[in-house]
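Architecture at a glance
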Amino acid sequence: MAGKKTESLIITGNQAAAIGAKMSRVQVIAAYPITPQSPVTEGLSQFVEMGELKAEYVTVESEHSALSVCITASTVGARAFTATSANGLAYMCEQLHWAAGARLPLVLACVNRAMAAPWNILNDQQDAMSQRDTGWIQIYARDNQEILDSIIQAYKIAETVYVPVMVCYDGYILSHTVMPVEIPRQKDVDRFLPRYKPHTILDPSDPRNLNQVTLANPRLNSIGSLCHGYMELRYLLQEAIEGCSETIVAVDREFGETFGRSWGGMTWSYRLEDADLILMAAGSLATQATVAADELRAQGYRAGVLGLRVYRPFPKQDLIEATSKAGLVLVFDKSISYGNEGPICSDLKSALYRSKSRPVVHGYICGLGGRDIKVRELTEAAIRSLLWVRETESAKPTEWLNCQI
Amino acid sequence: MSYFVKSKDDILEIRWHGRGGQGVVSSAQILAEAAFYEGFKGVTAAPSFGAERRGAPITASTRLSPKPVRVFSQIENPDIVIVLDETLLTSEDATAGLKSGGWLVVNTPKKPSQIRSGDSFSIATADANSVAKEVTLVVSGAALVNTAMLGAFVRVTGIISLESIREAIAKKFSPAEAQKNFEAARLTYERIILG
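Residues numbered from 1 in each chain as written. Chains lettered and ligands numbered in written order. Predicted model: local features only at pLDDT ≥ 70, side-chain atom pairs only at ≥ 80, totals over all residues. Heavy atoms only, no water.

Comments concerning the overall build of chain A
Regarding its fold elements, chain A presents 14 helices and 17 strands. In terms of C-alpha radius of gyration, chain A reaches 21 Å, essentially the compact-globule figure of 22 Å for 405 residues. Its C-alpha atoms give chain A principal-axis dimensions of roughly 70 × 55 × 45 Å. When each of the 405 residues of chain A is scored for burial, the buried share is 58%. Restricting the contact set of chain A to residue pairs at least 6 apart, pairs at least 24 apart contribute 78%. Carbon and sulfur atoms provide 52% of the accessible area of chain A, an area that totals close to 17,400 Å². Where the 39 positive side-chain charges of chain A centre and where its 44 negative ones centre are 3 Å apart. (Helix = DSSP H or I, 4+ residues; strand = E, 2+ residues; numbered from the N terminus. Rg over C-alpha atoms; globule rule 2.2 N^0.38 Å. Buried < 20%, exposed > 50% of the residue type's maximum accessible area, 1.4 Å probe, protein only. Contact = heavy atoms within 4.5 Å. Areas by Shrake-Rupley, 256 points an atom, 1.4 Å probe, with all protein chains shown as cover. Lys, Arg positive; Asp, Glu negative; His and termini not counted. Charge placed at Lys NZ, Arg CZ, Asp CG, Glu CD.)

Structure (structure tokens):
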């Protein structure tokens, strides 16, 4: 644990993200401005300009190019960083797949914002959730401290398992809200996250062909070695992501040993030990749900919160165990898989298929396009759900919280 | 004053009303920072979420608590409403949800009794415009009143010292500017009229 006293600053989530990237000693930054992400890259460009961060800041004309620059930088062995939101993330979509397929340890800060059309610059999580199948690890931060800490952790995770990491946090709600954030000491960060040692570098003195056309079946290369086909490479990506939860947990534990705080690894819980009623969410909403749990407890309900920190890989086993004693789980999704239901809700139900003691799961869609979510709306939803379970035989359809249609 | 010193679990909620360019968000943030120096473990400050334009009515909020703040939703029932531009009292519903026993603090040369009467909350008035001009906090002919109103907050609540305000202001400005801004807060602290 850090012995000497560290400094706490009252800063926004965006400032925390920029400081996290700076302290990770990123070498290449490429980003294109988009609300509410812009202050992250403005902060980083300032660090570079002031000489506080020795990095190449590459200005680009689009998010697609921003991620392309990061991919290229990572391919030649640099630690690279980008940040974006909403339509910017969607514009990166092709390159998100490329970065993961090429197994590059990039870190991207996704400042969660609603997708257009219609235009909306406010928070929900549709942007990141829509990219869940690109092969990136996704971490959702619950407050500004976790944003800073998770960016540092993200490099360690990415560079261990060679899978890119998206650190997601709620636009405005965290990105533009100041709160106390403890700034770690640089020498502790350097000890925790040493310089990146890439396993494959594209180098003109040692030319090689990376990510060439790869056909369906394994085949011999020009020197007679049997190389994977496309499907084997994809299997290895899935294996790396499914298997990386151990790394995520270990990195978080080591972070705790170094800095005196950790974030639960894959999931976190609040008053869950004897909880019969669980509120589940990812990001800042899960923090707020802890207040709802307190209020429900005060009313005599045994309520707790299950916070989803890592969405990909989806922590199936952790969720089975965390919900095994509960009768009812309410999942609050700030996004939707159109034509189905909230993605976290859907994935939880799928994970519970293997569980012996399955709780009832009720899905709520909330906070789309910045719709404010009050604590009392969460507690009222919980009481409605309890009533439904008591009085209704049929499955409860997904409910849209405070939708005034 | 006792209204503002309640249990250890309480969150004090402050809503700021002003116009884009008046420094409403900065004030909300400086107050959060000052409260942190004062020993409040939980402090947050946020702008009203959305697009902001110079001159348009905007709000910002500050939450202060002895424990980390876990609520991020918009403030519905503020304990204190601070209004930087008096015209917002009529054009916007600046006192919406203001708690019974709370305070409405207005930048105006008027006395509290001239603002409104018959409310369940108290009213304080401070002529921050004059104070800002006196200490030469003027940009493009407009008085910068946001930091002056921090002094008004200190006087109304008594939960933060002027010294913490000075410390927080010093973090935001050059030494010369910080001195002027703090002087504005201090003078407003002295001259505010509590209704």
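Things to note about the domain arrangement of chain A
Residue and element names in this part refer to chain A. Assigned domains within chain A: domain 1 (7–197 + 244–259) and domain 2 (267–400). Spacing between the C-alpha centres of domain 1 and domain 2 amounts to 27 Å. At the junction of the two partners, domain 1 supplies 26 residues and domain 2 supplies 23 residues. Carbon and sulfur atoms supply 50% of the area that domain 1 and domain 2 bury against each other, a total of about 2,000 Å² over both sides. Where domain 1 packs against domain 2, one counts three salt bridges. Between D347 and R132 there is a salt bridge, with the nearest N and O atoms lying 3.7 Å from each other. Going through the elements one at a time, helix 6 (126–129), strand 6 (137–140), helix 7 (144–161) and helix 10 (245–259) are the ones with two or more residues in the side of domain 1 that touches domain 2. A breakdown of the residues in the side of domain 1 that touches domain 2 according to their chemical character gives 12 nonpolar, eight polar and six charged. (Domains from an automatic or database assignment. Buried area = accessible area lost by both parts, 1.4 Å probe. Salt bridge = Lys/Arg side-chain N within 4 Å of Asp/Glu carboxyl O. Nonpolar A, V, L, I, M, F, W, Y, C, P; charged D, E, K, R; others polar.)

Digging into the sheet that holds strand 5 (residues 107–112) of chain A
Residues and elements named next belong to chain A. In space, the seven strands of this open sheet follow the order 3-2-4-5-7-6-14, with mixed pairing throughout. The open sheet is flanked by strand 3 (56–59) and strand 14 (310–312), the only strands paired with a single partner. Here the average twist between neighbouring strands, direction ignored, is 20 degrees. By the bridge criterion, two bridges tie strand 2 (residues 28–31) to strand 4 (residues 80–84) in an arrangement that is parallel. Residue pairing in the sheet places V28 in a bridge with A80 of strand 4. (Pairing = 2+ DSSP bridges. Axes fitted to C-alpha atoms, helices over the stretch in contact; angles between N-to-C directions.)

What to know about helix 6 (residues 162–172) of chain B
Residue and element names in this part refer to chain B. Looking only at helix 6, the buried set comprises L162, S164, I165, A168 and I169. Down the axis of helix 6, the sector holding all buried residues measures 155 degrees, keeping them to one side. Against helix 1 (24–38), helix 5 (148–157) and helix 7 (175–191) lie the buried residues of helix 6. (Arc of directions from axis to C-beta.)

Thoughts on the side chain of R142 of chain A
Structurally, R142 of chain A is set in the loop between strand 6 and helix 7. Polar contacts involving the side chain of R142 of chain A include one to the main-chain carbonyl oxygen of W263 of chain A, which spans 2.6 Å. Not counting residues within four places of it along the chain, the set of residues in contact with R142 of chain A comprises L174, W263, W268, G283, S284, T287 and R309 of chain A together with F72 of chain B. (Polar contact = N/O pair within 3.5 Å; in protein donor to acceptor, adjacent residues only side chain to side chain.)

Observations regarding the packing of helix 1 of chain B against helix 6 of chain B
Residues and elements named next belong to chain B. Remark: helix 1 packs on helix 6, axes separated minimally by 8 Å, with the N-to-C direction vectors making an angle of 125 degrees. As far as their axial angle goes, helix 6 and helix 1 are oblique. Where helix 1 crosses over helix 6, the two elements pack in a sense that is right-handed. In contact with Q29, I30, L31, E33, A34, Y37 and E38 of helix 1, helix 6 contributes S164, I165, E167, A168, I169, K171 and K172. Broken down by class, the residue content of the contact of helix 1 with helix 6 amounts to seven nonpolar, two polar and five charged. (Parallel < 35°, antiparallel > 145°, perpendicular 65-115°, else oblique. Left-handed = near helix turned anticlockwise from the far one by under 90°.)

Here we look at the environment of S350 of chain A
All names here are of chain A. Within the fold, S350 resides in helix 13 (residues 343–352). The exposure class assigned to S350 is partly exposed, which follows from its relative accessible area of 49%. Linking S350 and K316, residues 34 residues apart in sequence, is a C-alpha distance of 8.6 Å.

So, the pattern of salt bridges
Under the definition given, this model contains 35 salt bridges over all chains. Between E183 of chain B and R186 of chain B there is a salt bridge, with the nearest N and O atoms lying 2.7 Å from each other. Taken as a pair, E183 of chain B and R186 of chain B lie in helix 7 at a separation of three residues, close to a single helical turn. Through salt bridges that share partners, R132, D133, R312 and D347 of chain A make up one connected network.

Remarks on a nonpolar patch on the surface
Residue and element names in this part refer to chain A. On the surface, V76, I201, L202 and L210 cluster together into a nonpolar patch covering about 270 Å² of accessible area. Relative to the helices and strands, V76 resides in the loop between helix 3 (63–75) and strand 4. The class for V76 is partly exposed, based on a relative accessible area of 43%. (Patch = residues over 30% accessible without salt bridge, like charges linked within 9 Å, V, L, I, M, F, W, Y side chains within 5 Å.)

Things to note about the state of the cysteines
Residue and element names in this part refer to chain A. Applying the stated criterion to the full structure yields zero disulfides over all chains. Here C93 stays free of any disulfide, with the sulfur of C110 as its closest cysteine sulfur at 12 Å. Assessed through its relative accessible area of 26%, C93 is described here as partly exposed. Unpaired in terms of disulfides, C110 finds its nearest cysteine sulfur in C168, a separation of 4.8 Å. (Disulfide = S-S within 2.5 Å.)

A few points about the packing of aromatic side chains
All names here are of chain A. Under the defined criterion, the tally for this structure stands at five aromatic pairs over all chains. Here F192 and F259 contribute two aromatic rings whose centre-to-centre distance is 5.8 Å and whose plane-to-plane angle is 70 degrees, an arrangement assigned as edge-to-face. Linking F192 in helix 8 (residues 186–192) with F259 in helix 10, this pair joins segments that are 67 residues apart in sequence. The same class applies to F192 and to F259, which are both buried. (Phe/Tyr/Trp six-rings, centres within 6.5 Å; stacked < 30°, edge-to-face > 60°.)

Things to note about the sheet that holds strand 2 (residues 42–47) of chain B
All names here are of chain B. In spatial order, the strands read 2-3-1-4-5-6-9; together these seven strands make up an open sheet with mixed pairing. Of all strands in the sheet, those with a lone pairing partner are strand 2 and strand 9 (193–194), marking the two edges. Examined bridge by bridge, strand 1 (residues 12–19) and strand 3 (residues 57–65) share eight bridges and lie antiparallel to one another. Pairing of I14 across the sheet is with T62, part of strand 3.

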